[in-house]
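Observations on the model geometry
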Amino acid sequence: MIRIVFPFLAWVKELNATTLRMDFISGLTVALILVPQSMAYAQLAGMPVQYGLYASLLPPMLAALFGSSRQLATGPVAIVSLMTSAALGPMATTGSDAFIGYAILLALIVGLFQLALGVLRLGLVVNFLSHPVVNGFTNAGALIIATSQLSKMFNVYVDEAEHHYETVYRVIKAAIQYTHWPTFALGALAFALMYGLRRIDRRIPYVLVAVVVTTLISWATGYEKNTKAPLQAVMSQEVQRLVQEFNAAVKEIDRLGNERAALAPKISEAEASHGRFSTEVLDLKHQTLIMSTKMDHLKEESSKLRTALRDYMFAGVQEGEGKLVFYPQKEVPQGKTTDGRLWRLRLGNKPVDENALAMMGGGSVVGVVPKGLPAMSFPQVDLKIILYLLPIAAIISLLGFMEAISIAKAMAAKTGQRLDPNQELIGQGIANILGAFGKAFPVSGSFSRSAVNLQSGAVTGLSSVFTSLTVGLVLLFLTPLLYHLPQSVLAAVIMMAVIGLLNVSGFIHAWKAQWYDGLFSIITFVATLITAPHLDKGIMIGVLLSLGMFLYKSMRPKVTTLAMYPDQSYQSARDFGLKECKHIALLRFDGQLFYANAGFLEDQINNIIMSMPGLKHFLIVSNGINDMDASGEEMLSLIVDRVRSAGYDISFCGVNENVLSVMKRTHLLEKIGEENIFPTTQKAVEVIHGRAHTQCGEGVCPLLSVCFIKS
């Protein structure tokens, strides 16, 4: 019982000087990859970079201590980070305090869901996500993740559109005109370094090498060149007017938002006092609708103003007393000497400070990363938000667990260790729950870092403990070194990581196995791309298609007649082109007999009766019937009565013990007669063949010798 609650006790006793050394090296190697990766994934999730480090502090250690895999490396991963951003995007502004709070709450819900599944031993629920559907979703997710980083690679800023492909189009359109080439060069250099070093040896901390090299270049060349300037320093009345109009629109949106929020409790009070359809309630809802309409109009207007301002390129000119003023690039007065840089306004969703405009003259860097460990606190709980997040949390839980367990199984096959999926669910659940207390967003097992952990020689889960300790040291002492890390390098880190998610052969493999699995995989892929950033819609389409096919196949299982095959077994006459006996119908039913398909069996028997005028005996080959419910039993009883009343005999062979027990309990066995129940098909044919072939002119019976249909 103690080992069930504390599974890490199984490997603690195996620790010695050798395993400690190997686990330390492995844990340190994984941490050197995890630190920059986690910062990149934090931005992918819409969080400030330090939250990636927070998500890498407790979860790796907790998942290793309470899971069953000794080499699984847990932490921020690409797909889960992307789904976090997609789920919370409609609820709050990316990176805002509200967004961060919702992300932490989402981690708590995901963890509770996983823990509940693990404790209740319901790990098999993950089978609702079929591999072809997950393959289609993962491939689409990889493309979405990679294209979402293009704006950072080119250092351009655009407003997000309703659909992801529209946003990508805007980025490409902006990149054609405004690409910052030093930014692109650093991102490309980082990608080349990571790809090259990874090909040489995966144990090399290739991500760290790329980060260190590009950060040093950024620091040495003055890559970041930002400054603050008053609005009057922008020598364009048109730009000044646009800035003022933008500020006015954004402030009005905030004012209307606050007023709309204040109406919500008033509506609840009015509903309680006067009823849901009272005049008071309808009047308040009308006011809310008017405010929402005004806000939508203002958001559209502010987006147009923001786009117009971002399109401006400025040249900096030194004025008296060293002041820098900015002219539109094509409006620099003759005789003025520029500083040789192109400057742009940096705008977000908030009003800009007219006394200190953010002017960008270089590339974007990570900037200040807060030093110190996160304060442990209980996530802020809101019941309405929890109910909204529950469906997406369930999808993230299952997807994250499927990714983790797939990786863990692959490693367990190499190491020979025993893997318990339910214990792994518990480990992932605890990692997310306690991670949320430490300000982490949802995490899962990472394929790339787990592979590095295994290849570096990790023996026990202690390697993940060393990983967490290393991240803690980075948070305490090394965050100032991350200031000059270029944003395009983080984008390259993400792009490098998602290469491993692309699996085109998965579509081909699924199609070869079953054409509909391949089709569902492709449909999921296309649906996810089209509906992004609403990723849950894409995977739900795939899940519904898979469940629909399962129900269809359950309602219409394969029913076929048999004849003798060259190996002396009885196989499908239709599939192998075999002649059938004219007097005995060997009917095989593949699937459990239950309420949804019982009528289908009756229809098939009626069809055989209609098509075989010389029929005398039915032999139901029951090897494929593994279970039977009350509806199936009742239909089988009715079939026996109808067949016999029509003048035919009926027997059964290869009856499963579960089906036989149902027959005994319902007295169906007495109706059929035990003499009509045979253990094997061969034994049944031996007994009933002579009975059904009296006064028969059939020369060679297809049940006793092989007879192919001549083409």
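Just so you know, these numbers come straight off a predicted model, no measurement behind them.

Reading the values: rules and limits
- Residues numbered from 1 in each chain as written.
- Predicted model: local features only at pLDDT ≥ 70, side-chain atom pairs only at ≥ 80, totals over all residues.
- Heavy atoms only, no water.
- Helix = DSSP H or I, 4+ residues; strand = E, 2+ residues; numbered from the N terminus.
- Rg over C-alpha atoms; globule rule 2.2 N^0.38 Å.
- Buried < 20%, exposed > 50% of the residue type's maximum accessible area, 1.4 Å probe, protein only.
- Contact = heavy atoms within 4.5 Å.
- Areas by Shrake-Rupley, 256 points an atom, 1.4 Å probe, with all protein chains shown as cover.
- Lys, Arg positive; Asp, Glu negative; His and termini not counted.
- Charge placed at Lys NZ, Arg CZ, Asp CG, Glu CD.
- Phe/Tyr/Trp six-rings, centres within 6.5 Å; stacked < 30°, edge-to-face > 60°.
- Lys NZ or Arg CZ within 6 Å of the ring centre and 35° of its normal.
- Pairing = 2+ DSSP bridges.
- Right-handed = clockwise from strand over helix to strand, strands pointing away.
- pLDDT = per-residue confidence, 0-100.
- Salt bridge = Lys/Arg side-chain N within 4 Å of Asp/Glu carboxyl O.
- Patch = residues over 30% accessible without salt bridge, like charges linked within 9 Å, V, L, I, M, F, W, Y side chains within 5 Å.
- Axes fitted to C-alpha atoms, helices over the stretch in contact; angles between N-to-C directions.
- Parallel < 35°, antiparallel > 145°, perpendicular 65-115°, else oblique.
- Left-handed = near helix turned anticlockwise from the far one by under 90°.
- Nonpolar A, V, L, I, M, F, W, Y, C, P; charged D, E, K, R; others polar.
- Core = buried A, V, L, I, M, F, W, Y, C linked by side-chain atoms within 4.5 Å.

This next bit is on the overall build of the protein chain. Regarding its fold elements, the protein chain presents 28 helices and 13 strands. For the protein chain, the C-alpha radius of gyration of 34 Å lies well beyond 27 Å, the compact-globule estimate for 711 residues. Expressed along its principal axes, the backbone C-alpha trace of the protein chain runs to roughly 120 × 75 × 60 Å. When each of the 711 residues of the protein chain is scored for burial, the buried share is 52%. Within the protein chain, residue pairs in contact and separated by at least 24 positions form 78% of the contacts whose partners lie at least 6 positions apart. Only carbon and sulfur atoms are counted for the fraction: they give 61% of the accessible area of the protein chain, which is about 33700 Å². Averaging the coordinates of the 58 positive side-chain charges in the protein chain and doing the same for the 52 negative ones gives two points 6 Å apart.

Moving on: the packing of aromatic side chains. Overall, the coordinates contain 15 aromatic pairs when judged by the stated rule. Where phenylalanine 154 meets phenylalanine 184, the ring centres are 5.6 Å apart and the plane angle is 10°; that geometry is what we call stacked. You can see phenylalanine 154 sitting in helix H9 (residues 150–154) and its partner phenylalanine 184 sitting in helix H11 (residues 181–200), a full 30 residues away along the chain. Judged by its relative accessible area of 17%, phenylalanine 154 is buried. On the basis of an interplanar angle of 70° and a centroid distance of 5.3 Å, the ring pair of phenylalanine 326 and tryptophan 343 is categorised as edge-to-face. Taken as a pair, phenylalanine 326 in strand E4 (residues 324–328) and tryptophan 343 in strand E5 (residues 338–345) lie far apart in primary sequence, 17 residues in all. Both residues of the pair, phenylalanine 326 and tryptophan 343, count as buried. An aromatic cluster is present here, built from Phe8, Trp11 and Phe66 joined pairwise through their rings. Between the NZ or CZ atom of arginine 344 and the centre of the ring of tyrosine 178, over which it lies, the distance is 4.8 Å.

Let's shift gears to the pairing of strand E12 (residues 649–653). Consecutive residues of a regular strand have side chains that alternate between opposite faces of the sheet. With four of its five residues buried, E12 lies for the most part within the structure. In terms of strand pairing, strand E11 (residues 617–621) meets E12 through five bridges, oriented parallel. Following the sheet pairing, leucine 619 is matched in E12 by serine 651. In this region the chain leaves E11, passes through helix H25 (residues 630–645) and returns to the parallel neighbour E12; the handedness of that crossover is right-handed. Relative to strand E13 (residues 677–678), E12 is paired through two bridges, and the arrangement is parallel. Considered in E13, the bridge of cysteine 653 is made with phenylalanine 678.

Another aspect to go through is the confidence of the model for the protein chain. Across the protein chain, pLDDT averages 88, with 99% of residues at or above 70. Across the protein chain, the secondary-structure element scoring lowest on mean pLDDT is helix H1 (residues 2–5), at 71, and the one scoring highest is helix H4 (residues 50–54), at 95.

This part covers the pattern of salt bridges. Evaluated as defined, the whole model comprises 15 salt bridges. The salt bridge involving arginine 241 is made with glutamate 245; its shortest N-O contact spans 2.6 Å. In this pair, arginine 241 and glutamate 245 both sit in helix H13 (residues 237–274), four residues apart, roughly one turn of the helix. A salt bridge links lysine 285 to glutamate 271, with the shortest nitrogen-to-oxygen separation between them at 3.7 Å. Here the residue lysine 285 occupies a position in helix H14 (residues 279–310), and glutamate 271 occupies one in helix H13, the gap between them amounting to 14 residues. The class of lysine 285 is partly exposed, set by a relative accessible area of 38%. Its relative accessible area of 28% is what places glutamate 271 among the partly exposed residues. Taken together, the salt bridges that share partners define one network made up of Asp159, Arg306 and Arg310.

This brings us to a nonpolar patch on the surface. A cluster of nonpolar residues, Tyr165, Trp511, Trp515, Leu519, Ile522, Ile523, Val526, Ile530 and Ile541, forms a patch on the protein surface that exposes about 790 Å² of accessible area. In this structure, isoleucine 541 sits in helix H22 (residues 535–555).

With that settled, the discussion passes to the packing of helix H3 (residues 17–44) against helix H12 (residues 206–221). Look at H3 against H12: their axes get within 7 Å of each other, and the N-to-C directions meet at 55°. The orientation of H3 with respect to H12, classified from their angle, is oblique. Seen along the crossing, H3 lies across H12 with a hand that is left-handed. Contact with H3, carried on its side by Leu32, Ile33 and Pro36, involves Tyr206, Val207, Leu208 and Val211 of H12 and no other residues of that element. Grouping the amino acids of the contact of H3 with H12 by side-chain chemistry returns seven nonpolar, no polar and no charged.

Taken in spatial order, the five strands make up an open sheet running E2-E6-E5-E3-E4, and their pairing is antiparallel. The open sheet has two free edges, formed respectively by strand E2 (226–229) and E4, since each of these has just one partner strand. Taking the axes of each pair of neighbouring strands and ignoring which way they run, one obtains an average angle of 45° across the sheet.

For the rest of this paragraph, the subject is the side chain of serine 546. Structurally, the position occupied by serine 546 is in helix H22. By relative accessible area, which is 15% here, serine 546 ends up buried. Residues in contact with serine 546, not counting those within four places in the same chain, are Ser130, Val133 and Phe520.

Right, let's get into the nonpolar core. The biggest cluster of nonpolar side chains holds 107 residues, and the ones touching the most others in it are Met39, Met47 and Met83. Among residues more than four places away in sequence, those in contact with methionine 83 are Phe137, Ile392, Ile395, Ile396, Leu399 and Leu535. Ala585, Met612, Tyr648 and Ile672 belong to the second largest nonpolar core, which has 32 residues in total.

All right, on to the pairing of E11 then. Where burial is concerned, most of E11 is hidden: five out of the five residues are buried. Of the two faces of E11, both are covered, the one formed by His617, Leu619 and Val621 as well as the one formed by Phe618 and Ile620. Bridge count for strand E10 (residues 584–590) against E11 is five bridges, and the pairing is parallel. Counted as the bridge partner of leucine 587 is isoleucine 620 from E11. Each parallel crossover has a hand, and the one from E10 via helix H24 (residues 598–611) to E11 is right-handed.

Here the focus is the side chain of serine 468. Here serine 468 is to be found in helix H18 (residues 462–478). The buried category is assigned to serine 468, whose relative accessible area is 3%. Those residues in contact with serine 468 that sit more than four places away from it in its chain are Ser56, Leu57, Leu58, Pro60 and Met61.

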